[in-house]
Amino acid sequence: MAKRKNRVEKSVLSWAFTVSVLIFLGFGSEVARANVAQYHQQGERGKALYKLAADLPNPQQRVHRVGLVNFCVTNWGFFGSQTRDLKESLGGCFNPNPDEEVDAPSCEYPPGSDIDYLFQGGLWIGAMVDGYPYVSVGCDGWFWIHEFWPEAGEEGAIREASTRSNVSCYSPEAVSEQDIIAVYTDTSADIPLSPDDPATVDFDKRKHFPLGLQITQKSYSWSYEYAEDFVLIDLWVKNIGVKRIEDVYMGLYIDADCAHKDENPYGPFGAQDDICGFRRVVGDPGAEWDCSDTVNLAWIADNDGHGVAGEKIFTQVSPIAVTGARVVRSPRALDYSFNWWISNQGGYPKDWSPWRRESLNRWREFNICYPEVQNTFPDGVMGTPGGDCSKYFVLSNNEFDYDQIFSCIAPDEDPDWLEASPECDDLADGYDTRYLMSFGPFDQIAPGESLVVTIGYIAGADFHQEPDNWTNPPGKTPDQVYAGFNFADFETNAKWAAFVYDNPELPNLPCGDGVPDFRGPPPPPSPELQFETSKGRVKVKWNGKYTEKSRDSFNNRQDFEGYRIYRSRTGAIEDYALLGSYDKADFKIYRLNRNKERRPWEWRAASVSLDSLKSWLDERGDGGAVIGDDPTVWTKDRPFVIEEVHPPFYIHLSDSIDVDLSYAVTFDSIKLESYDSLYFEAQDWNIGFDAVIADTAYRNLVDRTSPADTLDRYWDYEYELGEFASQSVHYAVTTFDVGDPQTGLQALESSKLINATEVWPVDNWETVEAEGLKVMVYPNPYRIDGGYVADKYEPGGIYGKRIRFVNLPPRCTIRIYCLDGDLVQTLHHERNRDDLDATIDQWDLISRNRQAVVSGIYLFSVEDKDTGENQVGKFVILK
């Protein structure tokens, strides 16, 4: 969606305002004019410094899809897909449609919701060269300026890698489950994709001045529970030019436009109601394992979540989350700035931003570029920074703007701020807002040198709690509205972004050791699923050998605990329902720490078998107490107390988790002394696996006699369920581990999205062929009042209606006719024999002329493309 100023309209409005606090200062000296002329000539000098590519670059888009944030990155300096205006490029390791260009989710959260929290975000880098400020931007969000580009052809293409061994882009060198690597430069001044833009010429009177930068951008994402809500972006900035650049500042520019994809971007619930702000979150230094580091966290969200008026509910299209960014790595301690502004075609007073008075004074001194303006940015606006001088000033102004919601009251409470916009009431409750989080200065980057910065782009759920937060009760103050925002999940995810970047080393280094890790403790690998289907039944099958034998890359333990089976009618992540959980029969150990004043209960061991507990502790309890067959009878209120023992004894925990170690692994032990207190909890449900073991007799034989398991049958599982044959279902099998007592991390579960699969409970082709089953249509008759939407049989709407054909040949042509023989529609069914939908297809009741069909009797024919056989039938539509 184009978001660009109307320059003709804007020129009329440029000076049609006055601001009482601004004093227009002349700038007409000969020295000043000389400086301006020299600045404008730099563009020509810059062109000679860099070798420019002769071929057109190869811009591409790729979407992070393994976590809960479907996040679009590019190889031309920005993030987001402009609310799906851009397509995901062909290919892609996790692209569900690699053979065609489809709309790219911009920052969809959660997956499948169609709610995007980003229009476009771009990298800004500014520096001083020969005493003049220059800025290269991935995007500026207003004039459509793009100054970073990749190389031509495959050399400029995006690359992917993954730690998942079962995907095509697996690499032992991968950092995350989905690495996306792009390289681009700002040296493309003379190629057609970076023309003389009128907006740029008006301000800087020259073409783009390259700083000579090459950016290697590596973005990482995970599906693990603690890391599924963010993407880490590693930026390696190298000076490939011939001149030293100084006083370097970097910034992340964000224009969110939080809304469902079907929302009118120019309507009241599209781009025009965002709010933003900044959080300084400090960890609790009194907490045992917390990192007392300051988290500088920029945020942006829809103003109210767009709930249903009067019903006090949020719907599936309500943008109730919050997103934002933080820096998790920089070469040294930096100064931060946070500036937000409104861009508006009408100019001031809606094109506006907060300004400190000292910032205005600094701007007057700094502005050597635009002699016609001294109290505003070019175009006479107080918000949108047009041209390099304005952009560099905002990057480097060391200003922290107050949160947008306080636009009308902050200037009254603090006289250091300029007066509020006359339109502040309209701006404070949400508008087309943008922000820039910037940091620096990096003193210099000499030719050939690099610096590296890591940014986390983070989402948080349930930011909006009440649909009427702004209005109930009437007369709320901004502080009262702000108190209704929920930052808890957002801030937790921001802390985890830092932990994944640099793992805590407890207890001595809770903030990490300063060396990047880019990893976290993973859950066990998810199994690959297979399915057997028949009419009205689905059997889910998997082999768990690899899953259960894998070791945690953090602690080297085999920490598999169990499987969970989920089912969803829609495939949306929030719609999956738990069908069953199957796990080992094992226990957690808690010990009372008598050496601390508060005497806390501490989790000391995970996945301890009943036999191990008995061997360690039976007859060691006070008064000869034994563990018994149910350790959970020993609780906090009635603990298992160790008898008087001399000397103390130790429980060696390695015995409880690894039963087939081929090499030594050092695990902690628990030292137990006289009168120590313990209690026990079930590790999970302690149900066992009997209900899902595929061949119980064989497993029992192996357990008794330990024969060679050459066919891996020991690890086969299956789960069968009856279903409505008329509706597809989605199944997923997750894995979970035992957690980690050392770090306090609870059990981790793999993502449902890893192996989620849509399945049709219909006869497979082998059955259809063997039994000679005929093609059928359902529902027949199709009734417009059949309640199919409520039953989730179809999505609804004119293009959401569905009639299904079953028992189809894998390759066939379906033709639909009205009674007089006119062809209504042709469907081409192309499947492999073993595809889960090989024998089923559907029609949306739209004719080949793209019109909804009318009531009546319809005929159909099905031509088998492999045998030439034809089947015919009829169905009825009642509207």
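Above this text is the structure in question.
Everything numeric in this text was worked out from a predicted model, so none of it was measured.

Counting secondary structure elements, the protein contains 14 helices and 42 strands. Per-residue burial for the protein yields a buried fraction of 55% across its 879 residues. Taking the intrachain contacts of the protein between residues at least 6 apart in sequence as the baseline, contacts between residues at least 24 apart amount to 70%. If you sum the accessible surface of the protein, you get close to 37,300 Å²; carbon and sulfur atoms cover 48% of it.

What follows covers the side chain of aspartate 140. The residue aspartate 140 is located in the loop between strand E9 (132–137) and strand E10 (159–161) in this model. Buried and without a salt bridge, aspartate 140 has lysine 391 as its closest oppositely charged side chain, separated by 4.1 Å. Separated by 3.3 Å, the side chain of aspartate 140 and the backbone nitrogen of tryptophan 144 make a polar contact. The residues contacting aspartate 140, other than those within four sequence positions of it, are Trp124, Ile145, Tyr253 and Lys391.

For the rest of this paragraph, the subject is the sheet that holds strand E32 (residues 716–722). Ordered by their spatial adjacency, three strands build an open sheet running E22-E23-E32, and the pairing between neighbours is antiparallel. Each of the sheet's edge strands pairs with one partner strand only, and the pair in question is strand E22 (529–534) and E32. Each strand axis lies, on average, 20° off the axis of its neighbour in the sheet, ignoring direction. Where strand E23 (residues 537–543) lies against E32, seven bridges are found, and the strand directions are antiparallel. Across the sheet, asparagine 543 pairs through a bridge with aspartate 716, a residue of E32.

Right, let's talk about the pattern of salt bridges for a bit. Within this structure, the stated rule accounts for 37 salt bridges. A salt bridge links glutamate 723 to arginine 567; the nearest nitrogen and oxygen atoms lie 2.6 Å apart. Of this pair, glutamate 723 sits in the loop between E32 and strand E33 (729–737) while arginine 567 sits in strand E24 (residues 560–568), placing them 156 residues apart in sequence. For arginine 567, a relative accessible area of 21% corresponds to the partly exposed category. Arginine 811 is paired through a salt bridge with glutamate 830; the nearest N and O atoms lie 3.2 Å apart. Residue arginine 811 is found in strand E38 (residues 811–818), and its partner glutamate 830 is found in strand E39 (residues 823–830); the two are separated by 19 residues along the sequence. Each member of the salt-bridge network shares a partner with another, and the members are Arg62, Arg65, Glu88 and Glu160.

With respect to topology, four strands assemble into an open sheet ordered E25-E24-E33-E34, the strand pairing being antiparallel. Strands with a single pairing partner mark the edges of an open sheet, and in this sheet they are strand E25 (577–583) and strand E34 (757–759). On average, adjacent strands in this sheet sit at an angle of 25° to one another, irrespective of strand direction. Taken together, the eight bridges between E24 and E33 define a ladder with antiparallel strand orientation. Looking at the pairing, tyrosine 563 lines up with threonine 735 of E33.

This part covers a nonpolar patch on the surface. A cluster of nonpolar side chains, Leu578, Trp685 and Ile687, forms an exposed patch at the surface whose accessible area comes to about 310 Å². Assignment of secondary structure puts tryptophan 685 in the loop between strand E31 (677–682) and helix H13 (696–705).

Cut-offs and rules
Residues numbered from 1 in each chain as written. Predicted model: local features only at pLDDT ≥ 70, side-chain atom pairs only at ≥ 80, totals over all residues. Heavy atoms only, no water. Helix = DSSP H or I, 4+ residues; strand = E, 2+ residues; numbered from the N terminus. Buried < 20%, exposed > 50% of the residue type's maximum accessible area, 1.4 Å probe, protein only. Contact = heavy atoms within 4.5 Å. Areas by Shrake-Rupley, 256 points an atom, 1.4 Å probe, with all protein chains shown as cover. Lys, Arg positive; Asp, Glu negative; His and termini not counted. Salt bridge = Lys/Arg side-chain N within 4 Å of Asp/Glu carboxyl O. Polar contact = N/O pair within 3.5 Å; in protein donor to acceptor, adjacent residues only side chain to side chain. Pairing = 2+ DSSP bridges. Axes fitted to C-alpha atoms, helices over the stretch in contact; angles between N-to-C directions. Patch = residues over 30% accessible without salt bridge, like charges linked within 9 Å, V, L, I, M, F, W, Y side chains within 5 Å.

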